[in-house]
Amino acid sequence: MITLVRIVFLFLCMVIGRAQNPNPNQDYVESTETSSFYTDSFAYPVFMDNEMHLQGTIGYKFDDKFMIELQNYYDTYRTFDVHKVSLQLKNYVSDKLYFVNGVTMERELDKHGAITAKPRYLMTNGVGYDINNNIMMEVNHDLNFNKSNLGAYGMPSLLSVKSKIKF
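An account of the accompanying structure is given in this report.

What counts, and at which threshold
- Residue numbers run consecutively from 1 along every chain, following the written order of its sequence.
- With pLDDT at 70 or above as the cut-off, local features in this predicted model cover only qualifying residues; side-chain atom pairs require 80 or more to be listed or tallied, and sums for whole chains, interfaces and linings still use all residues.
- Think of the side-chain values as coming from all heavy atoms in the structure, minus any hydrogens and water.
- Side-chain rings of Phe, Tyr and Trp (the six-membered ring for Trp) are treated as a pair once their centres are within 6.5 Å; stacked means planes under 30 degrees apart, edge-to-face means over 60, and tilted covers the remaining angles.
- Think of it this way: any DSSP run of H or I at least four residues long counts as a helix, any run of E at least two long counts as a strand, and we number them from the N terminus.
- Each residue is placed in one exposure class: buried if its accessible area under a 1.4 Å probe, protein chains only, is under 20% of its type's maximum, exposed if it is over 50%, and partly exposed if it falls in between.
- By definition here, charges over rings are those cases where NZ of Lys or CZ of Arg is within 6 Å of the ring centre and within 35 degrees of the ring normal.
- Only four residue types enter the charge count, namely Lys and Arg as positive and Asp and Glu as negative; His and the chain termini do not.
- Any Lys or Arg side-chain nitrogen found within 4 Å of a carboxyl oxygen on Asp or Glu counts as a salt bridge.
- What qualifies as a polar contact is a pair of N or O atoms within 3.5 Å, subject to a donor-acceptor requirement within protein and to the restriction that residues adjacent in sequence count only when both atoms come from side chains.
- We call two residues in contact whenever any of their non-hydrogen atoms come within 4.5 Å of each other.
- Nonpolar side chains (Val, Leu, Ile, Met, Phe, Trp, Tyr) are joined into patches within 5 Å and like charges within 9 Å, using only residues with over 30% relative accessible area and no salt bridge.
- Each accessible area is a Shrake-Rupley result for a 1.4 Å probe, and residues are judged covered by the shown protein chains and nothing else.
- When DSSP finds at least two bridges between two strands, those strands are taken to pair.
- Whenever a helix is involved, its axis is fitted only over the stretch in contact; in every case the axis is a line through C-alpha atoms, and angles between N-to-C directions fall within 0 to 180 degrees.
- Buried residues of nine kinds, namely Ala, Val, Leu, Ile, Met, Phe, Trp, Tyr and Cys, make up a nonpolar core once their side-chain atoms join them within 4.5 Å.

### Notes on the packing of aromatic side chains
Under the criterion given, the structure shown has 4 aromatic pairs. Ring centres of Phe37 and Tyr60 lie 4.8 Å apart, and the angle between their planes is 55°; on these two criteria the pair is classed as tilted. Here Tyr60 lies in strand β2 (residues 53–61) and Phe37 lies in strand β1 (residues 37–43), a separation of 23 residues in the sequence. A residue is classified by how much of its surface remains accessible, and Tyr60, at 27% relative accessible area, is partly exposed. Each ring, one from Tyr92 and one from Tyr98, has its centre 5.0 Å from the other, and the planes form 50°; the classification is tilted. Tyr98 matches Tyr92 in its accessibility class, with the two residues each being buried. Each residue in the set Phe37, Tyr60, Phe62 and Phe66 is aromatic and connected to the rest through ring pairs, giving one cluster. The ring centre of Tyr73 lies 5.4 Å from the NZ or CZ of Lys84, which sits over that ring.

Given below as structure tokens:
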């Protein structure tokens with residue numbers, strides 16, 4: 001299982017890395033408007049304890065109202081790393097309001113050889129709102145399917161509120 005997670009992570013890193021390199025021979029405005037695939041990523045800088053937090057998304061728009069996204073999160077901490085892969089469906093019910101449904105696998109990767117907890121498998125349901133092209137807000141409910149209490153955030157159910165500002 002860990003090999004599959006590493007392969008998916010490396011694939012996402014390569015796709016996101018290639019998306020960062022501009023090609024002067026291609027007109028990106030036309031290709032992004034006509035293509036149904038899209039990518040998005042961000043990373044926080046390395047902190048004092050060599051902590052790093054990054055997120056990458058690969059998505060496909062079936063039409064203007066329905067899309068699928070593969071999201072990858074990787075967070076490093078002092079004693080362990082957390083890797084989270086999420087597959088989500090988004091359905092827009094209006095121009096800005098959408099519903100989110102999906103499944104997630106979250107795994108703790110220990111840095112010092114200790115036995116790690118079993119991966120958590122979550123079902124996500126939520127609602128989001130695009131305030132404008134650069135700001136979004138989302139409220140999600142994550143339901144833990146197995147009994148794994150992963151790290152400090154291991155709980156059977158989690159309600160999260162998140163927002164993203166692009167600039």
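### Thoughts on the side chain of Asp130
Within the secondary structure, Asp130 is located in strand β6 (residues 120–130). Buried Asp130, no salt bridge; nearest opposite-charge side chain is Lys90, N-O distance 6.2 Å. At 2.6 Å, the side chain of Asp130 forms a polar contact with the side chain of Tyr92. Apart from residues lying up to four places away in sequence, Asp130 is in contact with Tyr92, Lys96, Tyr98, Ile135 and Met136.

### Section: the pattern of salt bridges
In this structure the tally under the stated criterion is 5 salt bridges. Note that Glu69 and Lys90 form a salt bridge whose closest N and O atoms lie 3.6 Å from each other. With a gap of 21 residues between them, Glu69 in strand β3 (residues 66–76) and Lys90 in strand β4 (residues 80–92) connect regions that are remote in the sequence. Across the pair, exposure class does not vary: Glu69 and Lys90 are buried alike.

### Topic: a nonpolar patch on the surface
Together, Val93, Leu97, Phe99, Val127, Tyr129, Ile131, Met137, Val139, Leu159 and Val161 make up an exposed nonpolar region whose accessible area comes to about 840 Å². Mapped by element, the contributors of at least two residues to the nonpolar patch are β5 (97–110), β6, β7 (135–144) and β8 (157–165). Tracing the backbone through its elements, the reader meets Leu97 in strand β5.

### Examining the sheet that holds β6
Strand order in the open sheet made by the 8 strands is β1-β2-β3-β4-β5-β6-β7-β8, with antiparallel pairing throughout. Of all the strands in the sheet, the pair left with one neighbour each is β1 and β8. With direction set aside, neighbouring strand axes in the sheet form an average angle of 20°. The pairing of β7 with β8 spans 9 bridges and is antiparallel. The partner of His141 across the bridge, within β8, is Leu159.

### So, the nonpolar core
Of all hydrophobic cores here, the largest spans 5 residues; its members are Met67, Tyr92, Tyr98, Val100 and Met136. Those residues within four positions of Tyr98 in sequence are excluded, and the remaining contacts are Lys90, Asn91, Tyr92, Val93, Gly126, Val127, Gly128, Tyr129, Asp130, Met136, Met137 and Glu138.

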